[in-house]
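# A closer look at the structure
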2 protein chains.
Amino acid sequence: MLSKNYDHIILLAHGSPDPLWKQPFESIYNEVTEIYGAEKSSLAYMELTTPTLEDAVAALDKDVRSVAVLPLFLAVGRHLRKDVPAQIEALQTDDLSIELLPPIGDDLVVKNAMRTAIAQHLGSA
Amino acid sequence: MLSKNYDHIILLAHGSPDPLWKQPFESIYNEVTEIYGAEKSSLAYMELTTPTLEDAVAALDKDVRSVAVLPLFLAVGRHLRKDVPAQIEALQTDDLSIELLPPIGDDLVVKNAMRTAIAQHLGSA
């Protein structure tokens, strides 16, 4: 069961020309699909590599009506303020609503983890 | 006390032309300096905004001999494989060693937090 009435969540990473760059995102995505199934989530890239957000939307089951896009980004910049909303605007239809969520870096769990990771490098104060 | 014998850690974020993009990194950095002091860590950006990595190195105390650069990135791509190592190479001297750490997204604590954040959006399996 998806929370907040989304039928499907697209994890959206930035994208890179470097194929090795995708590995950590694919690794997380594979774990997510093991738990929730591939019909509940997909992985897409904003630019520079595939699958694109358009590819991910085109691959959705026909009965999917509401999609959330969760950016695997640490912060909101031009991409999440302008580029991705424009991509989403072009992909929405009367039968498919697409909501852009805040980036995963905004999540308190992730913020706390980054603090912890930094503290591990800095040692005791 | 810093772990692994670094005198100082530079948190290195990507950089964006969007000034609001810096806020989450500045927020984490401010918390880090509250605990460890500004002499133990600094925040820099790889491109598109300041302070640059060069600025951060120029501002180091004269007694700093070993610096770690911790990328606030989720994955290793061209930037961390080529651009940042080249910047570091140009900034190292006989009196200053600079080590590039794996990106914070490689940290198990951060990976687990991203899984948790995604699971919160997906709800119960």
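The notes below deal with the structure included here. Please read all numbers here as calculations on a predicted model, not as lab measurements.

### Quick look at the overall build of chain A
Counting secondary structure elements, chain A contains four helices and four strands. The secondary structure elements of chain A, listed N-terminal to C-terminal, are β-α-β-α-β-α-β-α. When the backbone C-alpha atoms are referred to their principal axes, chain A occupies close to 55 × 30 × 25 Å. A total of 125 residues make up chain A; the buried ones form 53% of that total. Summarising the internal contacts of chain A: among those between residues at least 6 apart in sequence, 73% fall at separations of at least 24. Averaged over its 10 positive side-chain charges, chain A has a centre that lies 7 Å from the centre of its 18 negative ones.

### Examining the interface of chain A and chain B
Taken together, the contact between chain A and chain B spans 47 residues of the former and 47 residues of the latter. Of the roughly 4,300 Å² buried between chain A and chain B, counting both surfaces, carbon and sulfur atoms make up 68%. Remark: the boundary between chain A and chain B carries four salt bridges. Put simply, A:Asp18 and B:Arg81 hold a salt bridge, and the shortest N to O gap is 2.7 Å. Linking chain A with chain B are six residue pairs in polar contact (both at pLDDT 80 or more), by the criterion used here. Elements supplying a minimum of two residues to the side of chain A that touches chain B: strand 1 (8-13), helix 1 (23-36), helix 3 (78-91) and helix 4 (108-122) of chain A.

### Structural notes on the relation of the copies chain A and chain B
The two copies are related by a screw motion: chain A maps onto chain B through a turn of 180° and a shift of 0.0 Å along the axis, at an RMSD of 0.0 Å. Viewed as a symmetry operation, the transformation between the two copies matches a two-fold axis. The fraction of interface residues of chain A whose copies in chain B are also interface residues reaches 100%, indicating that both copies meet through the same surface.

### Points about the sheet that holds strand 2 (residues 41-45) of chain A
To summarise the sheet geometry, strands pair through backbone hydrogen bonds and adopt either a parallel or an antiparallel arrangement. Residue and element names in this part refer to chain A. The four strands are arranged 2-1-3-4 in an open sheet whose pairing can be described as parallel. On the outer flanks of this sheet lie strand 2 and strand 4 (97-100), each paired with one strand and no other. For this sheet, the mean angle separating the axes of adjacent strands, direction not counted, is 25°. By the bridge criterion, five bridges tie strand 1 to strand 2 in an arrangement that is parallel. Residue pairing for strand 2: Ile10 is matched across the bridge by Ser42. In this fold helix 1 packs onto strand 1 and strand 2, with an angle of close to 165° to the strand it touches most, strand 2.

### Describing the pattern of salt bridges
Under the criterion given, the structure shown has six salt bridges over all chains. Across the pair B:Glu31 and A:Arg115 runs a salt bridge, and its minimum N-O distance is 2.0 Å. One end of the pair, B:Glu31, is in helix 1 (residues 23-36); the other, A:Arg115, is in helix 4, on a second chain. With relative accessibility at 27%, the residue B:Glu31 sits in the partly exposed group.

### A few points about the packing of helix 4 of chain A against helix 4 (residues 108-122) of chain B
Where helix 4 of chain A contacts helix 4 of chain B, the axes come no closer than 8 Å and their chain directions differ by 175°. The orientation of helix 4 of chain A relative to helix 4 of chain B falls into the category roughly antiparallel. Together, A:Val109, A:Val110, A:Ala113, A:Met114, A:Thr116, A:Ala117 and A:Gln120 of helix 4 of chain A and B:Val109, B:Val110, B:Ala113, B:Met114, B:Thr116, B:Ala117 and B:Gln120 of helix 4 of chain B make up the contact between the two elements. Among the residues making up the contact of helix 4 of chain A with helix 4 of chain B, the classes are represented as ten nonpolar, four polar and no charged.

Reading the values: the criteria
Residues numbered from 1 in each chain as written. Chains lettered and ligands numbered in written order. Predicted model: local features only at pLDDT ≥ 70, side-chain atom pairs only at ≥ 80, totals over all residues. Heavy atoms only, no water. Helix = DSSP H or I, 4+ residues; strand = E, 2+ residues; numbered from the N terminus. Buried < 20%, exposed > 50% of the residue type's maximum accessible area, 1.4 Å probe, protein only. Contact = heavy atoms within 4.5 Å. Lys, Arg positive; Asp, Glu negative; His and termini not counted. Charge placed at Lys NZ, Arg CZ, Asp CG, Glu CD. Buried area = accessible area lost by both parts, 1.4 Å probe. Salt bridge = Lys/Arg side-chain N within 4 Å of Asp/Glu carboxyl O. Polar contact = N/O pair within 3.5 Å; in protein donor to acceptor, adjacent residues only side chain to side chain. Least-squares fit on C-alpha atoms with pLDDT ≥ 70 in both. Pairing = 2+ DSSP bridges. Axes fitted to C-alpha atoms, helices over the stretch in contact; angles between N-to-C directions. Parallel < 35°, antiparallel > 145°, perpendicular 65-115°, else oblique. Nonpolar A, V, L, I, M, F, W, Y, C, P; charged D, E, K, R; others polar.

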